[in-house]
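# Tertiary structure, described
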Amino acid sequence: MTPGVPETPGDIARYFDRLWPILRSITGQGVRQSHDILAELLPLERFEIPSGTPVFDWTVPLEWVVREAYVVTPDGQRILDVRENTLHLVNYAAPFRGRLSRAELEPHLYSLPERPDAVPYVTSYYTPSWGFCLTHRERQGLPEGTYEVVVDTEHVHGSLTLSEAVLPGETDEEVLLSTYTCHPSLANNELSGPLVTAFLYRRLAAWRRRRYTYRFAFVPETIGALCYLKLRGETFK
């Protein structure tokens, strides 16, 4: 891409393909990796808010670390591997290892009967639990027997990542554009938001004159927006 030249669909598609497989959440290395890629499109200033930081009446949570997660069927087949599909693991899942019957596994499975071929996105941000998401068709086909479950995750003291970029204008009046960078492998919610926002920056940066100042924020949902409001609230006032 050449600065000042409108992007092509291929440009957007290449960034989409790089961002799609990354396991993102409200915290973690996947978020930083995503911000690294987006920073190729606009000059992002990054902020790391430590775990445990009070933010109004919320608290920045622990950072989520995922090493591996999968289920082994009674016949030895590995399924629901988070490395194959980031949606398989309930986002922010607590660690678990064990052998469960089909009936014991059932409460930890999530699917959409009305959309039997879709894998849902389920989170457990603030209530410790674990689980797996799968198509309803696959869920209905799971046999009876003993399943091995591995959820090798950890919640550690780390930080929450957010970034911003500011395009100055002729006045101090601002236009704020905010987008989430916390969801894995979702085209509609993400990655459409961050990519449109980043490429919009390029369009506006190419303008010879801007009356307004434009502020671009890349944050995780809810807690990230609150962190950003605490960081820039006085500016917004």
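Residues numbered from 1 in each chain as written. Predicted model: local features only at pLDDT ≥ 70, side-chain atom pairs only at ≥ 80, totals over all residues. Heavy atoms only, no water.

## Some details on the overall build of the protein
Our working definition: In DSSP terms, a helix is any run of H or I states spanning at least four residues, a strand is any run of E spanning at least two, and both are numbered starting from the N terminus. Between two residues, a contact is recorded if the distance between any of their heavy atoms is within 4.5 Å. The Shrake-Rupley method, run with a 1.4 Å probe, gives the accessible areas here. Residue values count only the displayed protein chains as cover.
Along the backbone of the protein there are 6 helices and 12 strands. In terms of principal-axis extent, the alpha carbons of the protein reach across some 70 × 40 × 30 Å. Excluding contacts between residues fewer than 6 apart, the proportion of contacts in the protein whose partners are at least 24 apart in sequence is 76%. On the protein, roughly 11,900 Å² of surface is accessible, and the fraction owed to carbon and sulfur atoms is 52%.

## Topic: the packing of aromatic side chains
Applied cut-off: Paired rings are identified among Phe, Tyr and Trp, the last through its six-membered ring, by centres lying within 6.5 Å, and are further divided according to the angle between planes into stacked (under 30 degrees), edge-to-face (over 60) and tilted (the rest). Categorising residues by exposure relies on relative accessible area from a 1.4 Å probe, with only protein chains included: less than 20% of the type maximum marks a residue as buried, more than 50% marks it as exposed, and the intermediate range marks it as partly exposed.
Taken as a whole and assessed by the stated rule, the structure comprises 11 aromatic pairs. With centroids separated by 5.6 Å and ring planes inclined at 80°, the aromatic side chains of Trp58 and Tyr126 adopt a geometry described as edge-to-face. Within this pair, whereas Trp58 is found in strand 3 (residues 58–59), its partner Tyr126 is found in the loop between strand 7 (109–110) and strand 8 (132–133), the two being separated by 68 residues in sequence. With relative accessibility at 30%, the residue Trp58 sits in the partly exposed group. Judged by its relative accessible area of 43%, Tyr126 falls in the partly exposed class. Between Phe96 and Trp130 the ring centres are 4.5 Å apart and the planes differ by 15°, which places this aromatic pair in the stacked class. With Phe96 in strand 6 (residues 96–101) and Trp130 in the loop between strand 7 and strand 8, this pair connects stretches of sequence that are 34 residues apart. Look at Phe96 and you get partly exposed, because its relative accessible area is 24%. Residue class for Trp130 comes out buried when judged on its relative accessible area of 10%.

## Regarding the state of the cysteines
The criterion, for reference: Cysteine sulfur atoms that come within 2.5 Å of each other are treated as a disulfide pair.
Taken as a whole, this structure holds 0 disulfides when the rule is applied. Of all cysteine sulfurs in the structure, the one in Cys182 sits closest to Cys133, which takes part in no disulfide; the separation is 15 Å. Looking at Cys182, it has no disulfide partner, and the nearest cysteine sulfur is the one in Cys227, 12 Å off. Residue class for Cys182 comes out buried when judged on its relative accessible area of 0%.

## Regarding unusual backbone geometry
If a residue is not glycine, its phi is most likely negative; likewise, a peptide bond is most likely trans. The backbone phi angle of Tyr92 is positive, close to 75°, even though this residue is not glycine. For Tyr92, a relative accessible area of 4% corresponds to the buried category.

## Considerations on the sheet that holds strand 12 (residues 213–219)
As a reminder, the rule being used: At least two bridges found by DSSP between two strands is the condition for calling them paired. Note on method: axes are straight lines fitted to C-alpha atoms, helices fitted across the in-contact stretch only, with angles between N-to-C directions ranging 0 to 180 degrees.
The strand order across the open sheet built from 4 strands is 1-10-12-11, with neighbouring strands paired in mixed fashion. In this open sheet, the two strands that pair with only one neighbour each are strand 1 (45–50) and strand 11 (174–180). Ignoring strand direction, the axes of neighbouring strands in this sheet form an average angle of 20°. Pairing analysis gives 7 bridges linking strand 11 to strand 12, with the strands arranged parallel. Paired with Leu176 across the bridge in strand 12 is Arg215. Contacts from helix 2 (residues 29–38) reach strand 1, strand 10 (159–167) and strand 12, with the element oriented near 15° to strand 10. Against the sheet, helix 5 (residues 192–205) touches strand 10, strand 11 and strand 12, its axis set at about 155° to strand 12.

## A closer look at the pairing of strand 12
Our working definition: Whether a crossover is right-handed comes down to one check: with the strands pointing away from the viewer, does the path from the first strand over the helix to the second run clockwise; if it does, it is right-handed.
Burial within strand 12 is extensive, with 7 of its 7 residues counted as buried. In this sheet, strand 12 lies alongside strand 10 in antiparallel orientation, the contact comprising 5 bridges. When the sheet's bridge partners are listed, Leu167 is paired in strand 12 with Tyr214. Once you follow strand 11 into helix 5 and on to strand 12, the crossover reads as right-handed.

## Regarding the pattern of salt bridges
Stated formally: Each reported salt bridge corresponds to a side-chain nitrogen of Lys or Arg within 4 Å of a carboxyl oxygen of Asp or Glu.
Within the structure shown, the criterion is met by 18 salt bridges. In this structure, Glu48 and Arg32 form a salt bridge, with 3.2 Å as the shortest nitrogen-oxygen distance. On the criterion of sequence distance, the pair formed by Glu48 in strand 1 and Arg32 in helix 2 is long-range, its members being 16 residues apart. A salt bridge links Arg139 to Glu106; its shortest N-O distance comes to 2.4 Å. Taken as a pair, Arg139 in helix 4 (residues 136–140) and Glu106 in the loop between helix 3 (102–105) and strand 7 lie far apart in primary sequence, 33 residues in all.

Coordinates in, geometry out; function isn't part of it.
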